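Descriptive structure summary
Here's the letter readout for the chains.
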Amino acid sequence: MDSPSSQESVGFDYLFKLLLIGDSGVGKSSLLLSFTSDSFQDLSPTIGVDFKVKYADIGGKKLKLAIWDTAGQERFRTLTSSYYRGAQGIIMVYDVTRRETFTNLSDIWAKEIDLYSTNQDCIKMLVGNKVDKESERVVMKKEGINFAREYGCLFIECSAKTRLNVQQCFEELVLKILDTPSLLAEGSKVLKKNIFKQKPPQPDTSSSSCC
Amino acid sequence: MWWDAGAPTDSFYQVRPECTDVPKTKFRIKAGKTLSARKWQTAFTPEGYLDIARTLSRIRRGGIHPSIRGEVWEFLLGCYDPKSTFDEREQIRQHRREKYALLKEECRQMFPLIGSGRFLTAPVVTEDGEPVQDPVVLKELGLLPEENGASGGSEMVKEPSGHGPQDKKVIQWKLTLHQIGLDVVRTDRTLEFYEKQENLSKLWDVLAVYAWFDADVGYCQGMSDLCSPMIILLQDEADAFWCFEHLMRRLRGNFRCTESSVGVETQLSNLASITEVIDPKLHQHLETLGGGNYLFAFRMLMVLFRREFSFGDSLYLWEMMWALEYDPYLFSVYEDSKSASEKHKGSKGKPKSMRQFGKYERDNRKNGVNSQAHLPISVFLVASVLENRSSKLLTEARGLDDVVKILNDITGNLDARKACRGAMKLHKKYLKKA
């Protein structure tokens, strides 16, 4: 039997922390479920913060992706803000059928990232979800592209429901992380610390203090 | 029957056939243990006084039969005093129904979709209170000229252009409607019950009226999870509202938010202190992993384990928790706090016997824990879940993500009765040590 634990014991080269943010009801949890278990179902609203893990081979590397999923309601933001810390990738999701979820990206979510992300090089990705509802679309692809260009982030449109572009979405993000030396270093650093569960070697304060 | 494995209860809360991923309910109706409709009826005197002590111990042993859940919950949550007559309660019920009708009418005047049997998921006003000129919204409100008037022109909004500064409270409430709509369509959607539009709009109405009634809390995600069972269990919408409102009296503190915190954080720090006393090693470990704020337990406390149990099992868990926590003064405390001048004080008369308290509450009283300082049993429930996973958490959790993963894995695997027993044991231990 192929249990998740046997999969875990295989080991991995890098561990990356990703974060999903965006307005309530845009499909953050659905996108995550679609990616981690290839399924789509009616999900309850996320309360606070949730989390899923996915093991994946991307760019020839074995990866463990720790993906944090946040609640969209404004009043949870004090709580979700602490999860930006140390994320190598942040996925901003909007719903292509609801204009306000797109405008809130610049009004709210981009500002949240500037405020709370501790990582200068952190890769950001803009995701327009629910393209399966093409007839209800109100945000054009061009607008997404323009926003992404202006804000300097990756962009993709997808459907958590049909799974169109879902794998690509995470893959592109991770490939970009793999391409960024500082993030790569973080991904393996966390790993070592976790595996050996040791305190990092004492910084050379003793040697410097003697001079 | 000489043996009784119990009857399953999932048929009372039918799951849509296409939802195959839903955890099965473990709770079973057991003859001689579960509080049945017959036992419930015989627990009343002819005038209507309820033998609460016997009822509580029944519930603790075997839960409540789904057919009477709603009416029993009304007592457990303190909507009614067991030491009152049928007539007195009927009066209160009628009075409350009228009050709800007034509240709802107030809301309807501000936003005509309330009570119309329909609801919205789109935003209805902008941050500064201007009505959103979204065709979807206008159509629902019957404001588009081409509408063929199925719901009548009598529902015209008075100030569609919304000039003049609106009351801040009204704007706040209207902004909240958006979130309520978004959540209503995602609450318990695996249940057949919510395939009916009228049930969805009932849930929307009750949450909207509550948000107006308790403007300090308004609406916070998670509240739809708490309200949904009331809509299912209590036929009358007003009764469902007041039952929910009484539940919120216990829980509203968790949902009150400031700029920098969510109310439930108080309970999370209580959880931290309990774990520190009960299982210092685990507490230390969690702290090292950066989980000293216990945020990973946020959801369990916010929606009282709704997400860790099947629908049926969470109801069973709730009623056991409330039976254990039961305080016979609850009703008079609630009524007195509403208006000191009201007449219900008579019920306070002579002191209640210990048997009328739930077991958890009894333990508190025996140990002289005053009611101000006392913690809800839910905190001990979480603490016992953590303690049960202690060795796993200590050996396998190397980061906060592992903690959350280990805790997520309990979904569908917990036993409500055992969980309560665990919480009671921990509570005793804590009272001794602390």
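The rules we used
Residues numbered from 1 in each chain as written. Chains lettered and ligands numbered in written order. Predicted model: local features only at pLDDT ≥ 70, side-chain atom pairs only at ≥ 80, totals over all residues. Heavy atoms only, no water. UniProt positions renumbered as here; feature names shortened; annotations may be inferred. Helix = DSSP H or I, 4+ residues; strand = E, 2+ residues; numbered from the N terminus. Buried < 20%, exposed > 50% of the residue type's maximum accessible area, 1.4 Å probe, protein only. Polar contact = N/O pair within 3.5 Å; in protein donor to acceptor, adjacent residues only side chain to side chain. Pairing = 2+ DSSP bridges. Disulfide = S-S within 2.5 Å. Expected span 1.5 Å × (residues − 1). Bend = angle between axes of the 7 residues up to and from the residue. Contact = heavy atoms within 4.5 Å. Salt bridge = Lys/Arg side-chain N within 4 Å of Asp/Glu carboxyl O. Right-handed = clockwise from strand over helix to strand, strands pointing away.

The name given to chain B in an unreviewed UniProt entry is Rab-GAP TBC domain-containing protein, and the organism recorded there is Ilex paraguariensis.

An unreviewed UniProt entry lists chain A under the name Ras-related protein RABC1, with Ilex paraguariensis as the source organism. Per UniProt, the comment on chain A under Sequence similarities (unreviewed entry) is "Belongs to the small GTPase superfamily. Rab family." Checking UniProt for chain A, the heading Function (unreviewed entry) contains the comment "Intracellular vesicle trafficking and protein transport."

Residues and elements named next belong to chain B. Phi is positive for L304, close to 45°, though the residue is something other than glycine. With respect to the element layout, L304 can be found in the loop between α12 (298–302) and α13 (311–325). For L304, a relative accessible area of 2% gives the class buried. The phi angle at F305 is positive, at roughly 65°, despite the residue not being glycine. Tracing the sequence through the fold places F305 in the loop between α12 and α13.

Residue and element names in this part refer to chain B. With respect to the helices and strands, Q221 occurs in the loop between α7 (197–213) and α8 (223–233). Residue class for Q221 comes out buried when judged on its relative accessible area of 1%. A polar contact is formed between the side chain of Q221 and the side chain of D183, at a distance of 3.1 Å.

Moving on, we come to the pairing of strand β1 (residues 14–21) of chain A. All names here are of chain A. Of all eight residues making up β1, eight are buried, and the element is well covered by its neighbours. Neither face of β1 is exposed, since Y14, F16, L18 and L20 on one face and L15, K17, L19 and I21 on the opposite face are all buried. Inspection of the sheet shows β1 paired to strand β3 (residues 61–70) by seven bridges, in the parallel sense. If you follow F16 over to β3, its bridge partner there is L65. Relative to strand β4 (residues 89–95), β1 is paired through four bridges, and the arrangement is parallel. Residue L18 lies in a different strand from β4, and its bridge partner there is G89.

Under the definition given, this model contains zero disulfides over all chains. Of all cysteine sulfurs in the structure, the one in C169 of chain A sits closest to C158 of chain A, which takes part in no disulfide; the separation is 5.6 Å. Free of any disulfide, C420 of chain B has its nearest neighbouring cysteine sulfur in C243 of chain B, separated by 18 Å. Using a relative accessible area of 3% as the deciding quantity, one classes C420 of chain B as buried.

Residue and element names in this part refer to chain A. The terminal C-alpha atoms of helix α4 (residues 99–116) lie 25 Å apart, and with 18 residues this matches the ideal 26 Å at 1.5 Å per residue to within 8%. The principal kink in α4, of about 55°, is found at L105. Packing partners of the buried residues in α4 comprise β1, α3 (77–80), β4, β5 (123–129) and α5 (141–151).

Applying the stated criterion across every chain, the model contains 34 salt bridges over all chains. One salt bridge in this structure joins R163 of chain A and D38 of chain A, with 3.8 Å as the shortest N-O distance. Placement of the pair is R163 of chain A in the loop between β6 (154–157) and α6 (166–178) and D38 of chain A in the loop between α2 (28–37) and β2 (49–58), with a sequence separation of 125 residues. Relative accessible area serves as the criterion here: at 40%, R163 of chain A is assigned to the partly exposed category. Residue D38 of chain A is classed as partly exposed on the basis of its relative accessible area, which comes to 41%. Between R137 of chain A and E157 of chain A there is a salt bridge whose closest N-O contact spans 2.8 Å. Taken as a pair, R137 of chain A in the loop between β5 and α5 and E157 of chain A in strand β6 lie far apart in primary sequence, 20 residues in all. For R137 of chain A, a relative accessible area of 15% puts it in the buried group. Through salt bridges with shared partners, a single ionic network connects E74, R93, R97, D236 and D239 of chain B.

Quick look at the pairing of β5 of chain A now. The side chains of a regular strand alternate between both faces of the sheet. Residue and element names in this part refer to chain A. Burial analysis of β5 places seven of its seven residues in the buried class, the great majority of the element. Sheet analysis places β4 next to β5, joined by seven bridges and oriented parallel. Paired with D95 across the two strands is N129, which belongs to β5. Pairing of β5 with β6 involves four bridges; the strand directions are parallel. Bridge assignment links V127 to a residue of β6, and that residue is I156. What joins β5 to β6 is α5, and the crossover it makes is right-handed.

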